[in-house]
Amino acid sequence: MIDLKNLTIEQAHDSLEKGDYTVTELVKTYLDVIKEKNSELNAYLEVYNDLDSQIKKAEEMFKDGTATILTGIPMALKDNILFEGHIASASSKILGNHVATYDSFVIKKLKKQGVVFLGRTNMDEFAMGSSTETSAYGVTRNPLDTSRVPGGSSGGSAASVASDMALVALGTETCGSVRQPASFCGLVGLKPTYGAVSRSGIISMGSSLDQVGPLGKKVRDVEIIFNVIDGHDVLDSTSIPDSKRELIKKEPLKKRIGVPQEFLQGGGINEEVLKNFKESCEKLKKAGYEIVDVSLPSIKYSLAVYYIIMPAEVSSNLARYDGIRYGLLEKADNLFSVYTKSRANGFGREARRRILLGTYILSHGYYDAYYNTAIKVRKIIKDELLEMFKNVDAFVTPSVPFLPFKLGEKLDDPLSMYLCDIFSAPANLADIPSISVPSGKNKDGLSFGIQFTAPFLREDILFTIGKDFEKLV
Amino acid sequence: MCYSISMKSEDIKKLADLARIDMSENEMQEIAKSFDSILAYVGQVQEVSKLNDQKSLEKNADDYFLNNVMREDNVTNKSGEYTDKILKQAPDTEGGFLKVKQIL
């Protein structure tokens, strides 16, 4: 019997190498848990039918001595990551039968390592949501309390790891969609630097914000996956070239972390969350970190900026779904009606809302007031953060202002759902890396998360602080 | 500060037409209502642009994206290499073409 509850990548690799168990046995153990738990949690939309050949390849790598740290590691994939020959639907009806015609960059990289992809996980439709409730394929439940949401949009990926239905998972972020479900499910979740991981083969939502990010139980697991998927890719024009990566000087840590006080005060933080955050800061002090107040006057506008830029990019990205080249086609008398009917029936309510919001924001007469202004404020926020990073290694906030909420609680009030992302937005807007690390549980067993955000391409700082913090919880 | 905008369902109808989405009257009303609170919230960005010095605001959105990535215009795959795979994803095809309703 393999103890999945505390299993890490390094431990699993060690056991596979020593022959304590085989890849077949490891995968079988996860499949047994999926069989037992998935009907209640709905974390997976599909378990892939080619596991045997994936396992065989991994076992051969162990036999011929080419195995790496990730060989045979069972991983779950968010439903918006293209894996050739497998359905990738972004949990939308409009892509319900869409089979990926090529591998995304991250899959290519991980395939080489012999990772075993167990299946695709549920998500908010086109990653639009913070609770995995906007999926066209039912809600996912939080394994820590099944009456509550797992967070989102990568809620299925988070729930799969938190319930031992996968050792690790990939999610994607546009604004908090890895970090927030990680926090809600008691996991570690990383949003890498924009351009660190290629977006090639990821179903787009907000192209200037999207990034793929790993989820795991420990910082080290997330670091191992990041190190493999990080890298330049010619197929993504926003991927950071090596020449630019080499310019980053990895100076030693100052061991100083900033707390943006005004931002926290305006964040609508729940009392329990604030108390946990203050305790976490005390723990960091004991571990030798200096905690200082930092002033970021414009950071409080981050979420407003995000909810202008994202729908603008959504309305443009989702224009491609017209029922002609792939996905759902609704028959009608003329081409215009084919479009309007296919899009009406293919997209869910939140996707329709955001497409219209973006259409409005980009329309003549409103473009300057919204989009153009938001782009400028985005630059101001980025500049303020750059200035702050001269004095601190990272800044810290709670990952989410409140604890996991009940299913349905925020579904009818879009603005209150959007406010889940308030502490997530700065990292996505400023292209910088950010990590959520578990910071304890409340008396009902719900999980708190603490979030560290570091300068451009300094994921290493997040891993160092994250591992130090992990030891204290 | 208040950025109150009152959307009507006619305004939403116009947007839905532009975005090519059929929409029921009920949904248009619901969206109009949610837009009022969302637009009031995102309208805050106008405050910060007033507070900051004008120099950083003179630039246009495009100035922040001036980073073209170029490559030689070479063909990188064999002719027809992906045709079958891609056409298999299309809901309606005929003789290697995508089929659409008559346009003219």
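Residues numbered from 1 in each chain as written. Chains lettered and ligands numbered in written order. Predicted model: local features only at pLDDT ≥ 70, side-chain atom pairs only at ≥ 80, totals over all residues.

**Structural notes on the overall build of chain B**
A count of helical and extended segments in chain B gives five helices and two strands. For chain B, the α and β elements follow one another from N to C terminus as α-α-α-α-α-β-β. Classification of the 104 residues of chain B by burial places 15% in the buried group. Look at the contacts in chain B between residues 6 or more apart in sequence, and 42% of them connect residues 24 or more apart. (Helix = DSSP H or I, 4+ residues; strand = E, 2+ residues; numbered from the N terminus. Buried ≥ 20, exposed ≤ 12 C-beta atoms within 10 Å, placed from the backbone. Contact = placed C-beta atoms within 7 Å.)

**Section: helix α13 (residues 349-361) of chain A**
The periodicity of an α-helix, 3.6 residues per turn, causes residues three or four places apart in sequence to face the same way. The end-to-end C-alpha distance of α13 of chain A, which contains 13 residues, comes to 18 Å, matching closely the 18 Å that a straight helix rising 1.5 Å per residue would cover. Within α13 of chain A, eleven of the 13 residues are buried, which leaves the element mostly enclosed by the surrounding structure. Buried within α13 of chain A are the following residues: Ala 351, Arg 352, Arg 353, Arg 354, Ile 355, Leu 356, Leu 357, Gly 358, Thr 359, Tyr 360 and Ile 361 of chain A. Of the surrounding elements, those touching the buried residues of α13 of chain A are α11 (302-317), α14 (368-388) and α15 (414-418) of chain A together with α1 (9-18) and α2 (25-42) of chain B. (Expected span 1.5 Å × (residues − 1).)

**Focus: the domain arrangement of chain A**
Residue and element names in this part refer to chain A. One can read the domain layout of chain A as domain 1 (9-244) and domain 2 (247-304 + 368-470). Between the C-alpha centres of domain 1 and domain 2 there is a distance of 24 Å. Contacts between domain 1 and domain 2 engage 40 residues on the former and 36 residues on the latter. Counting only elements with at least two residues in the side of domain 1 that touches domain 2, the list comes to α6 (179-185), β5 (188-191) and α7 (219-229). Residue contributions to the side of domain 1 that touches domain 2 peak at six residues, all from α6. (Domains from an automatic or database assignment.)

**Here's the deal with the confidence of the model for chain B**
Residue and element names in this part refer to chain B. In the predicted model, chain B carries a mean pLDDT of 84, and 78% of its residues have values of at least 70. The secondary structure element of chain B with the lowest average pLDDT is helix α4 (residues 55-58), at 58, and the one with the highest is α1, at 95. Per the prediction output, this complex has pTM 0.96; the corresponding ipTM is 0.92. (pLDDT = per-residue confidence, 0-100.)

**With respect to helix α4 (residues 105-112) of chain A**
All names here are of chain A. Of the residues making up α4, those classed as buried are Phe 105, Val 106, Ile 107, Lys 109 and Leu 110. Tucked into the core, α4 has its buried residues touching β4 (168-173), β6 (211-216) and α7. Backbone geometry just after α4 places Gly 114 at a positive phi near 75°.

**Things to note about the pairing of β4 of chain A**
Residues and elements named next belong to chain A. Extensive coverage of β4 is indicated by the burial of six of its six residues. Going residue by residue along β4, you find Val 168, Leu 170 and Thr 172 tucked away on one face and Ala 169, Gly 171 and Glu 173 tucked away on the opposite face as well. Here strand β2 (residues 74-78) runs beside β4; their pairing, made up of three bridges, is parallel. When the bridges of β4 are listed, Ala 76 appears paired with Ala 169. As paired strands, β4 and β6 are joined by five bridges and run antiparallel to one another. Residue pairing for β6: Ala 169 is matched across the bridge by Leu 215. (Pairing = 2+ DSSP bridges.)

**Concerning unusual backbone geometry**
Residues and elements named next belong to chain A. Cis rather than trans, the peptide bond between Gly 152 and Ser 153 has omega equal to 10°. Examined against the element boundaries, Ser 153 turns out to sit in the loop between β3 (116-121) and α5 (155-162). Backbone geometry at Lys 255 places phi at a positive 60°, although glycine is not the residue there. Relative to the assigned elements, Lys 255 resides in the loop between α8 (242-245) and β7 (256-259).

**Structural notes on the interface of chain B and chain A**
Counting residues at the interface gives 39 residues for chain B and 44 residues for chain A. Of the residues that constitute the side of chain B that touches chain A, the class distribution is 25 nonpolar, nine polar and five charged. (Nonpolar A, V, L, I, M, F, W, Y, C, P; charged D, E, K, R; others polar.)

**A closer look at the packing of α1 of chain B against α2 of chain B**
Residues and elements named next belong to chain B. Relative orientation of the contacting elements α1 and α2 amounts to 105°, with a least axis distance of 8 Å. Here α2 runs roughly perpendicular to α1, going by the angle between their axes. Between α1 and α2, the residues in contact are Ser 9, Asp 11, Ile 12, Lys 13 and Ala 16 and Glu 25, Met 28, Gln 29, Ile 31 and Ala 32, respectively. (Axes fitted to C-alpha atoms, helices over the stretch in contact; angles between N-to-C directions. Parallel < 35°, antiparallel > 145°, perpendicular 65-115°, else oblique.)

**Side note on the packing of α11 of chain A against α2 of chain B**
One can describe the packing of α11 of chain A onto α2 of chain B by two numbers: an axis separation of 8 Å at closest approach and a directional angle of 120°. By the angle class used here, α11 of chain A and α2 of chain B are oblique. For the pair α11 of chain A and α2 of chain B, contact is made by Ala 304, Tyr 307 and Ile 308 of chain A and by Ile 38, Tyr 41 and Val 42 of chain B, respectively. Within the contact of α11 of chain A with α2 of chain B, the residues separate by chemical class into six nonpolar, no polar and no charged.

**Describing the nonpolar core**
Residue and element names in this part refer to chain A. Ranked by internal contacts, the top residues of the largest apolar core, which has 158 residues, are Met 75, Val 116, Ala 166, Val 168, Val 305, Ile 308 and Ala 394. Among the elements that line this core, the one with the most residues is α11, at ten residues. Taken domain by domain, the makeup of this core includes at least three residues from each of domain 1 (9-244) and domain 2 (247-304 + 368-470). Setting aside its immediate chain neighbours within four residues, Met 75 contacts Val 115, Val 116, Phe 117, Leu 118, Ala 166, Leu 167, Val 168, Ala 169 and Leu 170. (Core = buried A, V, L, I, M, F, W, Y, C linked by C-beta atoms within 7 Å.)

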